[in-house]
Amino acid sequence: MSRDVSGAENLDVVIIGAGVAGLYAIHKLRQNGLKVRAYEQGSDVGGTWYWNRYPGCRCDVESLEYSFSFSPELDQEWSWPERYGNQGEILKYVQHVADRFDLRRDIQFDTRITSATFDEATNRWTVTTDNGQTITAPYCIMATGNLSTPRKPDIKGIDSFRGKWYHTGLWPHEGVDFTGLRVGVIGTGSSGVQSIPHIAKQARQLFVFQRTANFSLPAQNGPLDPVKEARHKAEYPERRAGAVNTPFAIAGYPPPTKSALEVSAEERNATYERKWQEGGSISFLYAYTDLLTSKEANDTASEFVRNKIRSIVKDAETAEALCPNDHPMGTKRLILDTGYYETYNLPHVKLVNIRKNPIAEITEWGIRTADGQSFELDAIVFATGFDAMTGAMKEIEIKGRGGVTIGDKWKDGPQTYLGVMVAGFPNMFMVTGPQSPGVKSQMIFSCQQHVDFIADAIRHVRDRQMRRIEPSRMAEMSWVQHNNEVANSTLYPLANSWYMGANIPGKPRIFMPYVGGVNNYVKKCEEVVANGYEGFEMSA
Ligand code: NA7
């Protein structure tokens, strides 16, 4: 690597993060002849799949879909053991991709980026690391992930707890043995719902502290059927090409044609039952055209799931407490589980409704709720989620033009153009930033699509002997407005979810993902390029 007079290392593109987005960025930009390097806080590749090692951690997109699509050979070579990949299987796959495409030689592990500053005179980003290194490059890519900043709530007394505590997003690599222990799990999002049945198998006693009940559907996971795998692999070219024309970037699900309100209650329930047995969230949400746009239509699906919960959970009070009733189904990330509701029929598992009776404090011995009940615990698991979508970038001191930080710029909520760039932050790109469809899609598809867009934009700028690219404030404002209009035409804003920043006290409540569908988003990106990078300003 070359160095300048100050000793700083010089690159063409500095990439922050070596999860799926960072890895593909290395591959793609190297193919374009650029000198790149990724800096990664973890000791290996994988991002989400490196950190989230809690028991039961599994992807909610089927393994044949949740994979890179840039290499037809890779598509054919890799075999997935199960319908839905678990954390270990997915991490193994990502590690294989890093080795197969020789990506590790351009990654520095165990390195946290602490600041990134744009120099207006030289049009270069200067990035510093927690071990005192300085790197400069004209372009900087934030491949920092959407769910990569775990958050433990600030509950009074936590430091006095004598047992051990864990966060699902920072799980010990050696695993945790809960055998014979009294365990408390706080949080019932995906991480809680996936881990609770596993923790229950070991724990002597398990208390689940639930603030909000969530909708969860059965994954109906199992070994991958070899016939299905062979067929899917034969269809990969068409499936991969077809994904771009779908809202979630997953082909193979015929779009719904009818409103839920057009059919009889019997027909509706038979459809929901079929989808429930089939497993998976897309299939269920695709049952009717209006499940995410009409409250009345959604109510029919929500009530179907509530009735399922009532039929599975034997204790009527527990069942009722597990029935979500404060948000329409699907407006928070729909969870896929294996045996979650059944777990509450075990005699040593108890649900504690902390909406009714909040946690007052954590004591030396466990958790005390507001009504004075004490729960003696040996371990506490925080399944309390992440500072989603903006957290990771805000943790880096990013300074754009005029020394404005990303924290200042986003103090009332994120503002981006296409979820890829921010006005005032030239030459800084984001992979699946806020206001992109990333988290509402097959994430690896979106990471690739964003990186391809970014790589083409950098080539466009360089080919024209330009040195700076930045979205105009007008383009940014109109994209933010469009994003909000699309969200407001759906039921999504009705839920207090991490999509809204609602899980972090004090975070501005703005609906962050683009929910107009990958198909419409990609069309918009193509139009932008066809019109000479409309909305972007370039200068020498
Ligand atoms: P989520 O989905 O954000 O869930 C976090 C859970 O923790 C949720 O039930 C929260 O309740 C609960 N929570 C958060 N803070 C507290 C406090 N202070 N007290 C009690 N309960 C709390 O995170 P996950 O890790 O499960 O999943 C994140 C995504 O990863 C998921 O959507 C998939 O895309 C993969 P709340 O609902 O806020 O009342």
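Scroll up for the structure.
Small disclaimer: the values here were computed from a predicted structure and weren't measured.

The rules behind these values
- Residues numbered from 1 in each chain as written.
- Predicted model: local features only at pLDDT ≥ 70, side-chain atom pairs only at ≥ 80, totals over all residues.
- Heavy atoms only, no water.
- Helix = DSSP H or I, 4+ residues; strand = E, 2+ residues; numbered from the N terminus.
- Rg over C-alpha atoms; globule rule 2.2 N^0.38 Å.
- Buried < 20%, exposed > 50% of the residue type's maximum accessible area, 1.4 Å probe, protein only.
- Contact = heavy atoms within 4.5 Å.
- Lys, Arg positive; Asp, Glu negative; His and termini not counted.
- Charge placed at Lys NZ, Arg CZ, Asp CG, Glu CD.
- Pairing = 2+ DSSP bridges.
- Near = heavy atom within 4 Å.
- Polar contact = N/O pair within 3.5 Å; in protein donor to acceptor, adjacent residues only side chain to side chain.
- Areas by Shrake-Rupley, 256 points an atom, 1.4 Å probe, with all protein chains shown as cover.
- Nonpolar A, V, L, I, M, F, W, Y, C, P; charged D, E, K, R; others polar.
- Phe/Tyr/Trp six-rings, centres within 6.5 Å; stacked < 30°, edge-to-face > 60°.
- Lys NZ or Arg CZ within 6 Å of the ring centre and 35° of its normal.
- Salt bridge = Lys/Arg side-chain N within 4 Å of Asp/Glu carboxyl O.
- 1 Å grid on protein atoms, 1.4 Å probe; cavity = no way out; pocket = protein on both sides within 12 Å on 5 of 7 lines; lining within 4 Å.
- Points joined across faces, edges and corners; volume = space filled by probe spheres on them.
- Domains from an automatic or database assignment.

## Some remarks on the overall build of the protein chain
Here is step 1: Looking only at helices and strands, the protein chain features 17 helices and 23 strands.
Here is step 2: Its C-alpha radius of gyration of 23 Å places the protein chain within 12% of the 24 Å reference for a compact globule of 540 residues.
Here is step 3: Here the C-alpha coordinates of the protein chain stretch approximately 70 × 55 × 45 Å along the principal axes.
Here is step 4: Among the 540 residues that make up the protein chain, the fraction classed as buried is 59%.
Here is step 5: Partitioning the contacts of the protein chain with sequence separation of at least 6, the portion at a separation of at least 24 is 71%.
Here is step 6: Seen as two clouds, the 59 positive and the 63 negative side-chain charges of the protein chain have centres 2 Å apart.

## A closer look at the pairing of strand β16 (residues 359–362)
Here is step 1: Pairing geometry for β16 and strand β17 (residues 366–369), over three bridges, is antiparallel. Among the inter-strand pairings, E361 is bridged to a residue of β17, identified as R368.
Here is step 2: In this structure, the hairpin formed by β16 and β17 is closed by a connection of three residues.

## Regarding the site of the ligand
Here is step 1: Looking at the ligand, there are 20 residues lining it, with S191, R211, T212, K332 and W498 nearest.
Here is step 2: Between G189 and the ligand, the recorded distance is 3.4 Å, taken from a backbone N or O atom to an oxygen atom.
Here is step 3: Calculation on the ligand without its partners gives an accessible area of 780 Å², and the protein chains cover 85% of this total.
Here is step 4: Taken together, the residues that form the shell around the ligand break down as seven nonpolar, nine polar and four charged.

## Things to note about the environment of E229
Here is step 1: With respect to the element layout, E229 can be found in helix α6 (residues 226–234).
Here is step 2: Overall, the relative accessible area of 12% leaves E229 in the buried class.
Here is step 3: Separated by 150 residues in sequence, E229 and S79 place their C-alpha atoms 8.3 Å apart.
Here is step 4: Leave out the neighbours within four places in its chain, and E229 touches L64, W78, S79, W80 and L224.

## Digging into the sheet that holds strand β8 (residues 134–137)
Here is step 1: Taking strand neighbours across the sheet as the criterion, the six strands line up as β1-β2-β8-β7-β6-β20 in an open arrangement whose pairing is mixed. This sheet does not close on itself; its edge strands, each paired only once, are β1 (2–3) and β20 (397–399).
Here is step 2: Looking at chain direction, β1 and strand β2 (residues 9–10) are connected through two bridges and run antiparallel. Residue pairing in the sheet places R3 in a bridge with E9 of β2.

## What to know about the packing of aromatic side chains
Here is step 1: Within this structure, the stated rule accounts for 36 aromatic pairs.
Here is step 2: Seen from their ring centres, Y272 and F284 are 5.4 Å apart, and the 10 degrees between their planes marks the pair as stacked. Of this pair, Y272 sits in helix α8 (residues 265–278) while F284 is found in helix α9 (residues 281–285), placing the two residues twelve residues apart along the sequence. Each of the two residues, Y272 as well as F284, counts as buried.
Here is step 3: Ring-pair connections join several aromatic residues into one group, and the members of that group are Y24, F68, F70, W78, W80, Y93 and F101.
Here is step 4: A cation over a ring is seen here: R53 above Y50, with NZ or CZ 4.9 Å from the ring centre.
Here is step 5: When the ring centre of W165 is taken as reference, the NZ or CZ atom of K152 above it lies at 4.8 Å.

## Notes on the pattern of salt bridges
Here is step 1: Evaluated as defined, the whole model comprises 33 salt bridges.
Here is step 2: Linking R30 and D106 is a salt bridge whose minimum nitrogen-to-oxygen distance equals 2.6 Å. Here the residue R30 occupies a position in helix α1 (residues 20–31), and D106 occupies one in the loop between α4 (87–100) and β5 (107–108), the gap between them amounting to 76 residues.
Here is step 3: The exposure class of R30 is buried, given its relative accessible area of 19%.
Here is step 4: A salt bridge links R459 to D456, with the nearest nitrogen and oxygen atoms 3.6 Å apart. Linking R459 with D456, this pair stays in helix α15 (residues 443–463), spanning three residues, or about one helical turn.
Here is step 5: Looking at D456, the relative accessible area reads 32%, which means it is partly exposed.
Here is step 6: One continuous salt-bridge network, built from bridges that share partners, spans R30, D102, R105 and D106.

## Regarding empty space enclosed by the protein
To find leftover empty space, a probe the size of one water molecule is rolled over the atoms.
Here is step 1: Evaluated as defined, the whole model comprises six cavities of 30 Å³ or more.
Here is step 2: Quantified by volume, the largest cavity comes out at close to 190 Å³.
Here is step 3: Considering only residue class, the lining of the largest cavity consists of seven nonpolar, four polar and three charged.
Here is step 4: Viewed by domain, the lining of the largest cavity spans two of them, domain 1 (9–149 + 388–539) and domain 2 (158–225 + 247–382), each represented by three or more residues.

## So, unusual backbone geometry
Here is step 1: Phi angles above zero are rare outside glycine, and A249 is one such case at about 65 degrees.
Here is step 2: As for its position among the elements, A249 is in the loop between α7 (236–243) and α8.
Here is step 3: The exposure class of A249 is buried, given its relative accessible area of 1%.
Here is step 4: Phi is positive for T432, close to 50 degrees, though the residue is something other than glycine.
Here is step 5: A relative accessible area of 4% means that T432 is categorised as buried.

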